[in-house]
Every structure is written in C-alpha cells, then in structure tokens.
Amino acid sequence: MDPGSAPILRPDSYLELSKDPIRFEPVNQLTNVFYDDSNKDVFTVRSGGVMGVVVKSPKELKPLNFRMEDKGTVLSIKFSLDYKTLAVQRANHAIELMNFNNETLDSEYSIGCKKNSYIIGFVWSNINELAIITDHGVELYTVIPDKKSLKHIKTTSVTVQWFVWCPSNKIAILASSHGSQLQPVIIKQASVNKLPKVETEPGRMALERDVTIATLYGTPGILILRHQSGLHTAEVHVHLLNGPGQAPVKSHILRLGLSGRFAINVVDDLILVHHQASRSSQIFDIALPGESDGIVKYHNTVAPTKSIKPASISLPGLVEPQTHSCELYSPNWVVFQPNIVIDAKLGCLWHIKLCLHDLCNHIKDLAVCTQVVLKRTDGKPVLLKLLLEEVNKENPDLDKLLESFNHINLIYRDWVENELQTRSGSPPNAGQANSSSTPMPRVLIDQNTMFDEILQNITPENDLKKIERVLMSYFSSLAEYGIPAQFNLNRLLVSTLVRQNKFTALQQMLQYGVISDSKALAVLLLSLGNMHPSSTQMALDMLARLYATEEIQEVLLSENQILAALKLAKEEANPRKFLTAAKNSRDISLLHSVLYYFRNHPKYSPILQNDERLHTFIRDYNEAFSDPN
C-alpha cells in the first residue's frame, strides 16, 4: 500500500514511556542497581563499589563516578539532598557516611542503631538530617560533615516491619502487625510527629508493594491496594490527609474490576493503575463525581483500559546498533512515585507520560472529558480543540456543550471573584505584588478566549442557526454563574440574529437582559436602524437604562427630534448645537421654538446676548419673521 494513502488510525493508547530513558548498566552478577526517590538518582554499584559507582539523575546531564572500599554487599545507598554526604548501609545495625567532594570520598564515619534493634532503612529528610527507621521506631540525627559526626535529635518508638517514604510530603508510613497497622509520621524540621493511624478493617493486612503515598490535587494521600475475596474485585482505597495533624480519612475507592498484581503511578493528579497479567493500565480521577455513600466516593476508570504505547531502545550490535522492543509490564518493572518505571535488567529508567489528546479520544462523554482536561497542566489547547471539533459537527450535542460550558465558567467565575477579592483587600500601594496571590487555574478559558478560538470559528459561516444555538448555550451558561457577557459576544449574537431578521427575538433578549446593555452596543443598534425601524428605539431604551443622557440627545438630534432632545437636556443644553440642528432642519417653525426657549430661559438669555456666534441665528430668525411691508 502507498504510505501516502494509508488511513489515519486513532491512537489506541493514551500513555507512553519517555522517548529518551535514562540508561544504566543492567543488573548482573557483579552489578547491583539502587534507586533513591528523594534525589531521583539511579546508582549502579559494581562489586560493592570497588569497581566503581555510577550515579545518574534526570536533573543532571553528567553522571557522578567514584569508587568505594569493599566492605561487603551494599544494601542501600543514598546521597544527601545537597550531594555532600553519601550514606551506605551494608548491615542491619549500622550506616556508613562519607563526605563527597569533586568525585572523591573522604574517610568515613558511621552511626549504629540502638541495642537489640536492626535497621530496616534510612532516608534523608532534610539537607543534613538523616532519619533511620528501625524495627523499634525512627531515630533522627543531624549530620555534621565538617566534624564527621552526628548529633541525635529525637527518637520515636513504634513497632515497624516495613515502611514507605514520600520525600515530597516528608511522610513515612510505618507498618506493623503484618501491615494491618499503618502509622503515618511526618519527619521534617528536626522533628518526628505521629499522625493518627490509617483506619483499616480489623485484621486486614497489606504488603509493602501495595501501599503508595502520593500527592493528589495538593493533598497527601495514602493509596492502599486491597485484594477482595471474589474474582475481579480488587480496589484501591484512597485515604486523604486533609490537614495538619488530621487523621487519614478513606475518601475514595477505585474499582479495578481485575485481580492479580498491580502497580500505581500518579501523573498530573491522575492515578494510573497498571495490571501485569493483562498488560494494561487504568486511569482514575478522584476530582470527578462518583457514586457516594455520604463518606466515600466510588470511581470507575475514566477511559477504557489500554496498554502503554510500544517502546523500543537501541542496543549495541556487532556491526551497528540494534533496535530492541521493550517488554511492557515486564516482571522486572519496578515503579516509583510519581511517574517513574525502572527495568533494572534492561537498564532503563522511564517517565510515564499522559497523551491528553489521545485520552480525550477515548472518553465519549464531552462533559466528563471537559472536567478531566480542565484539571490537567497543559489542558487548555486540548480543550479548545475538543470544543471546536464539537461545535463544527453538523449537529453538535447542545446539552453536552452546555454542561461543558458550565464546567468552564464555574472555574472562570471563581477565578474572577478571587481576583476581585484579592484586589479589594490589597493596600493601595501594594502594586503587582499581591496580584499573584490568587493561584491561576490550570485551565482558564475566559470570554475573550472563547470568542477568539471557538465562537468566531464555527463553520460553515453561513449556518446562522447553528451559530445562534451555540451562542445561546454559552450565554445561558454565563447567566447561570452571574457573569455579564462582554461586548464582543453581544455584538456577535446581535449580528447573528439580525442576519436572520430575528428582530423580535433580539428585542426580547434585550428586554430580559440576555444581552447586556452597553453604549457600544447601543451604537451598533443605531447602525441597524436602516434595516429595521425598531433598532433605533431599542438603542434609545438601552441608553435610557444606562442613564446615558448625552448619548440619547445625540441620537434624537440625528433623528431630527430636536425638541425631544432639548426637553431631555434641560439645564445642560448647548444652545449653539441645538440652534444649528434647528437651522439645518430647514423648518422655520422649529427654529422659532428653539430660539424662543433660549430667549425666555433665565440661564440661556444672557448667553444669546453675549455670545457673538449665536447672533447669526437671531439674524436668520429676524429675516424669516420680518414684516415685508
């Protein structure tokens, strides 16, 4: 088949692995691989470090290289957050520390755990703070590199069998009783603070691989994979920590509809659940409405279950590099938060990426898709394209379109109100400093954007009925949230109705406030007076509602209704303007009436006598009414 004539296929996935993975030496008999989720570092340790240690990070282009003395098998290895101290665990009772400078290690110093305890693991909770988790609790130390020593800060006693650490929130989950007791602790600012335990069903155990700590919409959450007793009934229970010191509350349950081994990532606040047996992933959004029992919301997958897009890497060959297809959902895969996948046997670290537009292609409901896209970091161009595709259908779904507009305008209204509140609460000399205190929504589509990107681009341009229906849906949504329509939108609606000769409908929309009053719109209505006589009266009514007295005078003068304009002007009339209009009318009786008014008015009579520019009108009047005899 000619490649140029090949049909365009809709992508069958919405997840992909990063194009350029971090490559490292795979695990083998001499090499061990470690990952540090605080610094996002991959360590490859050859022969216990004697043959070299290579550290690669997504943050640095150049890897670190150094050697260590052979003191046994490395169980764990991590740099401090400033890369000045290296901590290595080789046994269950002590941790070695070495100062790192210019790819060289200084003589080491060490710290041991308390008697009758053994070390489960350790984390760098701050630049110079090392937290050691033992089977008896947490021991927190300050590391002093210059003195090659450590200072004990605090010990918190709790039984621990395994733990899970979240570096972004500084939260550790300490598990005991085979995972049936889960104790969250916050380790930061030289302190270890216990939070209330995670509420779990009595005797319900959890494995380390089934517990994940993540940030969802700015709130720390504990995600626990629960294997139910029946077939295809695995669930993810989401416990949110909604405030400092508050107990983790089970707020959401994700229904997987599958059983077996799972792994969890979080991308842009979407929860990805990978299923190894089916080699597929599900995607969940806890911000979407779901079934609720009053406490917990139940969620189904946002889009159909799909596999990650195929991926390949280049491997050395005898003559030239060979392309190797990566095994997706490999048993060798290990996932880390938020979006990292590592295959230690292949020697690759990927970041999972969301293809938002492809995801939208798999969500049939426009309103649901709108809600999902509104909360994504780069969602604006995707949502605008989605809306434009919908309005340019031959028969757009106006009900779903209205729902989408409502979701968009809810965010728009809240942002406008927050901006007004922020500005009104700012001191007069605050300048721009306070204007950034209101966080921008991830996707904000205001009226100008909607006008420029969507409403002006409805095709075909001559399908005025479709344009009117879409416009009315958007106007209805604006009204729902108390947002006045801007002039450019009002002008588009007015011109659309006028082009269809729907002046009665236009009059009703003006009367009931669907179209907002403005001086600019009144001018537009006046320009339509030659098309329909009611347009001028609509304009006058609008100006009256706006208390635009001067503008109404100008309209009346242009319509040669000079006496009506003079009556409206009262004490603010300009004699020269009105006398000029009366003279230009060539109606001598009208000139008589206007001049008579000014001559007999106590305010204007002196002006007629003293302003030489007005004497010509008096002469014209005298000539017109002089006695010929």
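Remember, it's a predicted structure, so these values are computed and weren't measured experimentally. (Residues numbered from 1 in each chain as written. Predicted model: local features only at pLDDT ≥ 70, side-chain atom pairs only at ≥ 80, totals over all residues. Heavy atoms only, no water.)

1. Remarks on the packing of aromatic side chains
Right, on to step 1. This model, assessed by the stated rule, comprises nine aromatic pairs.
Right, on to step 2. Taking 5.3 Å as the distance between ring centres and 45 degrees as the angle between the ring planes, the aromatic pair formed by Phe79 and Tyr83 counts as tilted.
Right, on to step 3. Residue classification places Phe79 among the buried positions, given a relative accessible area of 0%.
Right, on to step 4. Taking the ring centre of Phe122 as reference, the NZ or CZ of Lys78 above it sits at 5.1 Å. (Phe/Tyr/Trp six-rings, centres within 6.5 Å; stacked < 30°, edge-to-face > 60°. Buried < 20%, exposed > 50% of the residue type's maximum accessible area, 1.4 Å probe, protein only. Lys NZ or Arg CZ within 6 Å of the ring centre and 35° of its normal.)

2. Remarks on the packing of helix α9 (residues 519–527) against helix α10 (residues 534–545)
Right, on to step 1. Two elements in contact, α9 and α10, have axes whose closest approach is 8 Å; the angle formed by their N-to-C orientations is 165 degrees. One finds that α9 runs roughly antiparallel with respect to α10. For the pair α9 and α10, the sense of crossing is left-handed. When α9 is examined against α10, the residues Lys519, Leu521, Ala522, Leu525 and Leu526 are found in contact with a partner set consisting of Ser535, Thr536, Met538, Ala539, Met542 and Leu543.
Right, on to step 2. Across the contact of α9 with α10, the residue classes break down as eight nonpolar, two polar and one charged. (Axes fitted to C-alpha atoms, helices over the stretch in contact; angles between N-to-C directions. Helix = DSSP H or I, 4+ residues; strand = E, 2+ residues; numbered from the N terminus. Parallel < 35°, antiparallel > 145°, perpendicular 65-115°, else oblique. Left-handed = near helix turned anticlockwise from the far one by under 90°. Contact = heavy atoms within 4.5 Å. Nonpolar A, V, L, I, M, F, W, Y, C, P; charged D, E, K, R; others polar.)

3. What to know about the environment of Lys583
Right, on to step 1. Note on placement: Lys583 falls in helix α13 (residues 575–584).
Right, on to step 2. Assessed through its relative accessible area of 41%, Lys583 is described here as partly exposed.
Right, on to step 3. Taking the C-alpha atoms as reference points, Lys583 and Leu608, 25 residues apart in sequence, are found 16 Å from one another.
Right, on to step 4. Setting aside residues up to four positions removed in sequence, Lys583 forms contacts with Leu591, Phe617 and Asp620.

4. Some thoughts on the confidence of the model for the protein
Right, on to step 1. On average, the protein scores 86 in pLDDT, and the residues at 70 or more come to 93%.
Right, on to step 2. Within the model, the stretch residues 1–10 combines pLDDT values under 50 with four contacts to residues more than four positions away or in other chains.
Right, on to step 3. For residues 432–436, every residue scores under 50 in pLDDT, and the model assigns this stretch four contacts once sequence neighbours within four places are set aside. (pLDDT = per-residue confidence, 0-100.)

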